[in-house]
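Next come the chains, spelled out residue by residue.
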Amino acid sequence: SKSVSPRALCSFFFFSSWLPQAVPFRGSHWQTSLLAFRASLPVRAQPKKKKKVDVRREQAQKDRMKKKIKKLEKAAPEMIPIEDFITPLKYSDSNRVRSLPPLSFEESERRVLLMKKWCLFKQKQDKAEKKAIQTLVEAQQEALKELRLESEELYQAAIRRDEGLFPFQRDGPNYTPPLPGYDAPEGKCIDITKVYTQ
Amino acid sequence: IELEKSHYSDHEIRKLEEEEQLRRRKESLYDDDEAPGKTVIMAQDLEDKWEQKLLRFEAAPRITDADKNNDRTSLNRKLDSNLMLLVKQKIGNQELWLLPQAEWQPGETLRSTAERAMATFLGDHIQAKTLGNAPYGIYKYKFPRAIRTEDNVGAKVFFFKAFLQSSDLSQAELKEDYLWVTKDELGDYLKLEYLKKVNRFLLD
């Protein structure tokens, strides 16, 4: 093969270092060259001391970090601001205030009468709805009573809860029916809501 | 637009400022601060463009063809109210207009009977949601004396409600006599006693 594998090269070097048998084996990194006399005294105690201090320093650091973390955790979690309740400051500028003419007497009268008519209409509507619900419930109770007279087993089956009913989904009422063959225009919606983490 | 309890929106402020600018330009006569080569889209232009777009759009009409022809067999009529299916069925020796019904077979629940009735009249693959296991109403009648036996004096008809999910009934194998009617039109087809009981549990 053309390319020599690096492993082969390393092994070659290793063997070459074994040749001068008289040279002491390079044990620690304090000895820079193989043949030179030991320039710096390899004080054995020093590396150990370094380790101890390092260990102690590291431990002290860790403890400090842990204390900080505990303090932070003890502090009450920051409230997430509700975006809807805070009006942005730019909307309280004075140039934003509209200048409208004051309401005329007729207009205010019309509004009051309209409100009264609306109240009456809504009351009637509500009463009618409640009455309809009442008749509905009565009819169902009657039906269930008759069913019970017929057969107990069917009655029990009818009383059972229908699990597949909820969640119930139905398309909302539209003012106009959907246009056949209408191609809605494409649009891209980029969500810029801010997400807060506690 | 809500004028009384609102402030000016960004779009309106832009419009007002541009109107001011135009007015100032006209008064000061060719006192151009901005380079004339720059084409600026005014808020008014945008409003006109939106107006044009709205006028060009044509919504589908609320009163469909079936309404005009009073074709009661199509599902595309009376889009603002609920429609009920009526079929002509033979009971005894009479042909009557009824809400679709099927006889209960022992061994099935009432709800499954109702669903079977739906399947026979509207096809097997019908997407309808039955509302609940319990019946909504009941109509009981006695058989005419000729058919009465010791046990079978009469019959009870239990009614269930179901919503049709899809309006695609192309696979339905409906026979000729079927109608989609609103609650008010029920009176044209149903018998009085039957109608009274049915009206109790139908809304709208």
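One structure accompanies this document, and this report is about it. Since the structure is predicted, the reported quantities are computational estimates derived from the model, not experimental observations.

What about the overall build of chain B?
A count of helical and extended segments in chain B gives five helices and seven strands. Along chain B, helices (α) and strands (β) appear in the sequence α-α-α-β-β-α-β-β-β-β-β-α when read from the amino end. Counting over 204 residues, chain B shows a buried share of 31%. Within chain B, contacts between residues at least 6 apart in sequence are counted, and of these 57% link residues at least 24 apart.

Focus: the overall build of chain A
Counting its secondary structure elements, chain A contains four helices and zero strands. Secondary structure elements in chain A, listed N-terminal to C-terminal, are α-α-α-α. Taking all 198 residues of chain A together, the buried fraction comes to 8%. Per element, the accessible surface of chain A, about 20,000 Å² overall, is 60% carbon and sulfur.

Looking at the interface of chain B and chain A
Listed by partner, the interface residues are 44 residues for chain B and 41 residues for chain A. For the chain B and chain A pair, buried surface summed over both sides reaches about 3,600 Å², with 56% attributable to carbon and sulfur atoms. It is Tyr8, Asn133 and Arg200 of chain B in chain B that bury the most area against chain A; as a group they hold 18% of the surface buried on that side. Scanning the region where chain B abuts chain A turns up nine salt bridges. Note that Lys156 of chain B is salt-bridged to Glu146 of chain A, the shortest N-O span being 2.8 Å. Counting across the chain B and chain A interface gives 19 residue pairs in polar contact (both at pLDDT 80 or more). Among the secondary structure elements, those contributing two or more residues to the side of chain B that touches chain A are helix H1 (10-28), helix H4 (110-122), strand S3 (128-130), strand S4 (137-142), strand S5 (154-159) and helix H5 (192-201) of chain B. Residue composition of the side of chain B that touches chain A, by class: 20 nonpolar, 10 polar and 14 charged.

Some words on the side chain of Thr182 of chain B
Residue and element names in this part refer to chain B. Looking at the secondary structure, you find Thr182 in the loop between strand S7 (178-181) and H5. A relative accessible area of 5% places Thr182 in the buried class. Apart from the residues within four sequence positions on either side, Thr182 is in contact with Lys78, Ser81, Asn82, Leu83 and Met84.

Some remarks on the sheet that holds strand S1 (residues 84-91) of chain B
As a general point, the strands of a sheet are linked pairwise by backbone hydrogen bonds and lie either parallel or antiparallel. Residues and elements named next belong to chain B. Taking strand neighbours across the sheet as the criterion, the three strands line up as S2-S1-S7 in an open arrangement whose pairing is antiparallel. Strands at the two margins of the open sheet, each flanked by one partner only, are strand S2 (94-98) and S7. With direction set aside, neighbouring strand axes in the sheet form an average angle of 25°. As paired strands, S1 and S7 are joined by four bridges and run antiparallel to one another. What sits directly across from Val87, in S7, is Tyr178.

Side note on the nonpolar core
Judged by nonpolar contacts, the single largest core of 22 residues is most densely connected at Leu86, Phe159, Leu186, Tyr194, Val198 and Phe201 of chain B. At the level of elements, helix H3 (105-150) of chain A together with S1, S2, S5, S7 and H5 of chain B are the ones that each hand at least two residues to this core.

Thoughts on the pattern of salt bridges
One pass over the structure, following the stated rule, counts 24 salt bridges over all chains. Residue Arg200 of chain B is joined to Glu138 of chain A by a salt bridge in which the shortest nitrogen-to-oxygen separation is 3.5 Å. Remark: Glu138 of chain A occurs in helix H3 and Arg200 of chain B occurs in helix H5; the pair is interchain, linking two chains. Classification of Glu138 of chain A as partly exposed rests on a relative accessible area of 39%. In this structure, a network of salt bridges that share partners links the residues Glu107, Arg110 and Arg111 of chain A together with Glu4 of chain B.

Regarding a nonpolar patch on the surface
Residues and elements named next belong to chain A. There is a patch of nonpolar side chains on the surface, built from Ile82, Phe85 and Ile86 and spanning about 350 Å² of accessible area. Its location among the elements puts Ile82 in the loop between helix H2 (45-74) and H3. Classification of Ile82 as partly exposed rests on a relative accessible area of 46%.

Side note on the packing of H3 of chain A against H5 of chain B
For the pair H3 of chain A and H5 of chain B, the least separation of the axes is 7 Å and the interaxial angle reads 120°. Considering the angle they form, H3 of chain A stands oblique to H5 of chain B. Along its contact with H3 of chain A, which presents Thr135, Leu136, Glu138, Ala139 and Glu142 of chain A, the element H5 of chain B presents Lys197, Arg200 and Phe201 of chain B. In terms of residue class, the contact of H3 of chain A with H5 of chain B is built from three nonpolar, one polar and four charged.

Some thoughts on the packing of aromatic side chains
Scanning the model with the defined rule gives nine aromatic pairs over all chains in all. Consider the rings of Phe168 of chain A and Phe163 of chain B, whose centres lie 6.0 Å apart with planes at 35°: the pair is tilted. Within this pair, whereas Phe168 of chain A is found in the segment after helix H4 (152-159), its partner Phe163 of chain B is found in strand S6 (residues 162-164), the two belonging to separate chains. Residue class for Phe163 of chain B comes out partly exposed when judged on its relative accessible area of 22%. It is Arg170 of chain A that lies over the ring of Phe163 of chain B; its NZ or CZ is 3.7 Å from the centre. The aromatic ring of Tyr175 of chain A is capped on one face by Arg62 of chain B, whose charged end is 4.2 Å from the ring centroid.

Criteria and cut-off values
Residues numbered from 1 in each chain as written. Chains lettered and ligands numbered in written order. Predicted model: local features only at pLDDT ≥ 70, side-chain atom pairs only at ≥ 80, totals over all residues. Heavy atoms only, no water. Helix = DSSP H or I, 4+ residues; strand = E, 2+ residues; numbered from the N terminus. Buried < 20%, exposed > 50% of the residue type's maximum accessible area, 1.4 Å probe, protein only. Contact = heavy atoms within 4.5 Å. Areas by Shrake-Rupley, 256 points an atom, 1.4 Å probe, with all protein chains shown as cover. Buried area = accessible area lost by both parts, 1.4 Å probe. Salt bridge = Lys/Arg side-chain N within 4 Å of Asp/Glu carboxyl O. Polar contact = N/O pair within 3.5 Å; in protein donor to acceptor, adjacent residues only side chain to side chain. Nonpolar A, V, L, I, M, F, W, Y, C, P; charged D, E, K, R; others polar. Pairing = 2+ DSSP bridges. Axes fitted to C-alpha atoms, helices over the stretch in contact; angles between N-to-C directions. Core = buried A, V, L, I, M, F, W, Y, C linked by side-chain atoms within 4.5 Å. Patch = residues over 30% accessible without salt bridge, like charges linked within 9 Å, V, L, I, M, F, W, Y side chains within 5 Å. Parallel < 35°, antiparallel > 145°, perpendicular 65-115°, else oblique. Phe/Tyr/Trp six-rings, centres within 6.5 Å; stacked < 30°, edge-to-face > 60°. Lys NZ or Arg CZ within 6 Å of the ring centre and 35° of its normal.

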